[in-house]
Amino acid sequence: MEYQFFTLAAFEYFADVQVVKGRLESEGIPVFLRDGNILNSDPMISHAIGGVKLQVYSSDRERAQEIYNEIRAYAMDDDGNLRTCPNCKAQKMEIYYRRSNVFYKLFPFFEKKKYKCLKCEFITKPQ
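Structure report, in brief. Note that residues are indexed from 1 along each chain, following the sequence as it is written. Local features in this predicted model are restricted to residues of pLDDT 70 or higher, and side-chain atom pairs are both shown and tallied only at a pLDDT of 80 or more, whereas totals for entire chains, interfaces and linings draw on every residue. To obtain the side-chain values, all non-hydrogen atoms of the structure were included, while hydrogens and water were left out.

Glancing now at unusual backbone geometry. In this structure, K89 is a non-glycine residue whose phi angle is positive, near 70°. Strands here are runs of E lasting at least two residues and helices are runs of H or I lasting at least four, both read from the DSSP assignment and numbered beginning at the N terminus. Structurally, the position occupied by K89 is in the loop between α4 (61–71) and β4 (93–96). Per-residue accessibility, obtained with a 1.4 Å probe over protein chains only, is compared with the maximum for each type, and a residue is labelled buried under 20%, exposed over 50%, and partly exposed between these values. With relative accessibility at 57%, the residue K89 sits in the exposed group. One non-glycine residue, E121, lies in positive phi territory at about 65°. Relative to the elements of secondary structure, E121 occurs in the loop between β5 (114–117) and β6 (123–124).

Here we take up the sheet that holds β6. A pair of strands is treated as paired once DSSP finds two or more bridges between them. Taken together, the three strands give an open sheet; going across it, the order is β4-β5-β6, and neighbouring strands pair in antiparallel fashion. The open sheet has two edge strands, β4 and β6, and neither has a second partner. Here four bridges tie β4 to β5, and the two strands are oriented antiparallel to one another. Within the sheet, the bridge partner assigned to Y96 lies in β5 and is K114.

Now for the side chain of D60. Tracing the backbone through its elements, the reader meets D60 in the loop between β3 (52–57) and α4. Within the buried core, D60 has no salt-bridge partner, and the shortest N-O distance to an opposite charge, that of R63, equals 5.2 Å. Whether two residues touch is decided by their heavy atoms; if any such pair falls within 4.5 Å, the residues are in contact. If we skip the residues at most four places from it in the chain, D60 touches I29 and P30. When charges are counted, Lys and Arg are positive and Asp and Glu negative, with His and the chain ends excluded. Here, a salt bridge means any Lys or Arg side-chain nitrogen found within 4 Å of an Asp or Glu carboxyl oxygen.

Below, the discussion takes up the pattern of salt bridges. All told, the structure shown has five salt bridges when counted by the stated rule. Notably, a salt bridge pairs R23 with E27, separated by 3.5 Å at the nearest N-O pair. When its relative accessible area of 27% is taken as the criterion, R23 is described as partly exposed. In this structure, the salt-bridge partner of D35 is K53, at a minimum N-O distance of 2.6 Å. Separated by 18 residues along the polypeptide, D35 in the loop between β2 (32–34) and α2 (36–41) and K53 in strand β3 bring together distant segments of the chain. Of the residues examined, K53 reaches a relative accessible area of 11% and is grouped as buried.

The subject of this paragraph is the nonpolar core. With 16 residues, the main nonpolar core has L8, F11, L24, L54 and V56 as its most contacted residues. Of all the secondary structure elements, the ones that give two or more residues to this core are β1 (5–11), α1 (14–26), β3 and α4. A total of four residues in this core trace back to one element, the largest contributor, which is β1. Every residue in contact with L54, bar those within four places of it in the chain, is listed here: F6, T7, L8, A9, F11, V17, V20, K21, L24, V31, F32 and L33. For our purposes a nonpolar core is just a set of buried Ala, Val, Leu, Ile, Met, Phe, Trp, Tyr and Cys residues, chained together by side-chain atoms within 4.5 Å. Counting six residues, the second largest nonpolar core, distinct from the first, contains A75, C85, M93 and C117.

Rendered as structure tokens:
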């Protein structure tokens, strides 16, 4: 039997993924961490490899996404308020890095931070 995996999310540090992993496993969803051991040995290369990827079986995708959406941390502004999407006014934004060219893939720390709305997928720069 061949299994297909779905990458639910990527986290900058190995410790960040543990809360989500524990919650999914407590709900009976098997979880796999791709590149976790690499980041444990050298956390400074997280940006270069795209962080640790939390993967689930494709058959568990919808249920895992529902659980993750309940507990995920959304982007906040400097005052501690949830960032609001200027397009659809939803308060479900996350930090987003495009890494569209070779320079940003080699030197990801130079890319300016952006935010992506998880509802309408609008991308905006911080103000």
